[in-house]
Amino acid sequence: MAEEENSNDAEVLDDEPRSILLGLISQLRKGMDLHRVTLPTFVLEPRSMLERITDFMSHPELILRISKQDDPVKRFVNVVRYYLSGWHIKPKGVKKPYNPVLGEHFRARWQFADKTEAFFVSEQVSHHPPISAYYYASPENNLIIAGDIRPKSKFLGNSAATLMQGESRIYFTNRPGEVYHIEMPNVYARGILFGRMVMELGDNSTGFFTGSYNSIQGKIKRESTGETLYEISGKWSDILYIKDVKTGNKEVLFNAHEAKIHQKIVAPEEEQEENESRRLWSKVTSALIARNLDLATQEKTLIESNQRNESKSREAEGIDWRPRYFLCENDHYKFKQTSLSKDPKVAKQQIESFIFAANSPPGFHSPNGPYQHNHTNEDSLI
């Protein structure tokens, strides 16, 4: 249990929302999967999970230059710094992003001071089970971040948990064979029956999220000898510190208050495709921002109904759905554009053209294709 609470991570519900939530909870069993349960709109963050993934690309200065460092220990430390930098970006209170619908995608780009760029695409490649695949690349900086998120929601009594399965993989293209595998911590909403609702992270990323509220404790060890090189402490919502065990020197690893978010560039909604996240959810988002929960619920229900109808039509016609940007191989989703030039400038053009191609087709349908996903029936999207 948390020793202290941060007002940005806690929320006290009014009587009506609390009554709605308690009525919903009365129908649940401990350990029940919440993915098939329709949550009330007041718990929603006004953006899709596909966009929320980009929070971890908000501080590019922490990772863009890592590949140029010759010291492997310094590279590892800086990857850890990057990993811990994305958790402080969140809405106030206890909110969850929209669950993306099958075929939904989100696209963005970043432009940096040195005239280099990065490109990003995420896509909902499966609905049951929910899987969001993503790909971030900056060829001029020798960087690729790829992976998928496979959340599983559980009711645990006075709390609800989102168990964050899947992983991120970081590749430095100028260092063949060097891959960093990163898991995400689980997310907990505490106090949903009584007390204040509080969001916490924990227990999936071993050795980091533990102790008092928002605190982190961890060690960096040399794998070959088990020697502890650094100790990490602090709070992911405040200041993180790193201590060199050999010298005893302790310094700031990341300061959430001073860090500046590097804004992503996203096409205006009117220029987006129909199944692009911001356009797809625009009416729900507008209603939530206006605090018109009834309208938000109506618009959300409409999106869910369309998803179910499309699924039924594909099933009736014997058509399998395939992702647009990713291929499934041995239960791993890989970015389709694999034949990239070794010339960073050419690779940049290849990736940009593939992600942002004008009037490119949506995820295609293939009768009796080899990849089968998502046999949705009357399940709700939350």
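Remember, predicted model here, so these are calculated numbers, not experimental data.

1. Here we look at the overall build of the protein chain
Scanning the protein chain from terminus to terminus reveals seven helices and 19 strands. Evaluated residue by residue, the protein chain yields a buried proportion of 52% over its 382 residues. Taking the intrachain contacts of the protein chain between residues at least 6 apart in sequence as the baseline, contacts between residues at least 24 apart amount to 61%. A total of about 18800 Å² of accessible surface is found on the protein chain, and carbon and sulfur atoms cover 49% of it.

2. A short note on the pattern of salt bridges
Going through the model one piece at a time under the given rule, you end up with 21 salt bridges. Residue E140 pairs with K348 through a salt bridge whose shortest N-O separation is 3.6 Å. With E140 in the loop between β6 (131-138) and β7 (143-155) and K348 in helix α7 (residues 344-356), this residue pair connects regions lying 208 residues apart in the sequence. Of the residues examined, K348 reaches a relative accessible area of 14% and is grouped as buried. One salt bridge in this structure joins E304 and K300, with 2.7 Å as the shortest N-O distance.

3. Looking at the environment of A357
Along the chain, A357 falls in the loop between α7 and β19 (365-367). Of the residues examined, A357 reaches a relative accessible area of 28% and is grouped as partly exposed. Setting aside residues up to four positions removed in sequence, A357 forms contacts with R107 and E352.

4. Quick look at the nonpolar core
Ranked by size, the top nonpolar core spans 47 residues in total, and within it Y136 and I170 carry the most contacts. Top element by residues in this core is helix α3 (residues 72-84). It accounts for six residues. If we skip the residues at most four places from it in the chain, Y136 touches M57, P60, L64, W110, F112, A118, F119, F120, L143, I144 and I145.

5. Comments concerning empty space enclosed by the protein
The probe, sized like a water molecule, is rolled over the atoms to show the empty space still left. All told, the structure shown has three cavities of 30 Å³ or more when counted by the stated rule. Space inside the second largest cavity adds up to approximately 80 Å³. Considering the residues around the second largest cavity, the lining is formed by I53, F56, M57, Y82, Y83, Y134, I145, I149, S168, I182 and M184. Elements with a minimum of two residues in the lining of the second largest cavity: α3 and β7. Residue composition of the lining of the second largest cavity, grouped by class: ten nonpolar, one polar and no charged.

6. Notes on the pairing of β7
Among the 13 residues in β7, eleven count as buried, and that is most of the element. In the sheet, β6 pairs with β7 via seven bridges, with the strands oriented antiparallel. Bridge pairing in β7 links A137 to I144. Hairpin connection of β6 to β7: four residues between the antiparallel strands, including N142 at a positive phi of 55°.

7. Concerning the sheet that holds strand β12 (residues 215-221)
Pairing within the open sheet is antiparallel, and its four strands lie in the order β12-β13-β14-β15. Across the chains shown, the open sheet's two edge strands, defined by having one partner strand only, are β12 and β15 (250-255). The average undirected angle you get between the axes of adjacent strands in this sheet is 20°. Direction of pairing for β12 relative to strand β13 (residues 228-235): antiparallel, over a ladder of seven bridges. Looking at the pairing, G218 lines up with I232 of β13.

8. Digging into the packing of aromatic side chains
For the structure shown, the criterion picks out twelve aromatic pairs. Arranged with centres 4.9 Å apart and planes meeting at 80°, the rings of F56 and W87 form a pair that is edge-to-face. Highlighted residues: F56 in the loop between α2 (49-52) and α3 and W87 in the loop between α3 and β3 (96-98), separated in sequence by 31 residues. Its relative accessible area of 12% is what places W87 among the buried residues. Ring geometry for F326 and F335: centres 6.0 Å apart, planes at 65°, overall edge-to-face.

9. Structural notes on helix α5 (residues 282-289)
Every buried residue belonging to α5 is among S282, V284, T285, A287 and L288, and all of these are buried. The inward-facing, buried residues of α5 contact β2 (44-48), β3, α4 (277-280) and α6 (293-317). One or two steps after α5, the chain reaches R291, where phi turns positive at roughly 60°.

10. Here we look at the packing of α5 against α6
Where α5 contacts α6, the axes come no closer than 8 Å and their chain directions differ by 165°. Comparing their axes, α6 and α5 come out roughly antiparallel. Judged by the twist between their axes, the crossing of α5 over α6 is left-handed. Every residue of α6 that contacts α5 at K283, V284, A287 and L288 is listed here: L293, L295, A296, E299, K300 and I303. The residue makeup of the contact of α5 with α6, split by class, is seven nonpolar, no polar and three charged.

Reading guide: rules and limits
Residues numbered from 1 in each chain as written. Predicted model: local features only at pLDDT ≥ 70, side-chain atom pairs only at ≥ 80, totals over all residues. Heavy atoms only, no water. Helix = DSSP H or I, 4+ residues; strand = E, 2+ residues; numbered from the N terminus. Buried < 20%, exposed > 50% of the residue type's maximum accessible area, 1.4 Å probe, protein only. Contact = heavy atoms within 4.5 Å. Areas by Shrake-Rupley, 256 points an atom, 1.4 Å probe, with all protein chains shown as cover. Salt bridge = Lys/Arg side-chain N within 4 Å of Asp/Glu carboxyl O. Core = buried A, V, L, I, M, F, W, Y, C linked by side-chain atoms within 4.5 Å. 1 Å grid on protein atoms, 1.4 Å probe; cavity = no way out; pocket = protein on both sides within 12 Å on 5 of 7 lines; lining within 4 Å. Points joined across faces, edges and corners; volume = space filled by probe spheres on them. Nonpolar A, V, L, I, M, F, W, Y, C, P; charged D, E, K, R; others polar. Pairing = 2+ DSSP bridges. Axes fitted to C-alpha atoms, helices over the stretch in contact; angles between N-to-C directions. Phe/Tyr/Trp six-rings, centres within 6.5 Å; stacked < 30°, edge-to-face > 60°. Parallel < 35°, antiparallel > 145°, perpendicular 65-115°, else oblique. Left-handed = near helix turned anticlockwise from the far one by under 90°.

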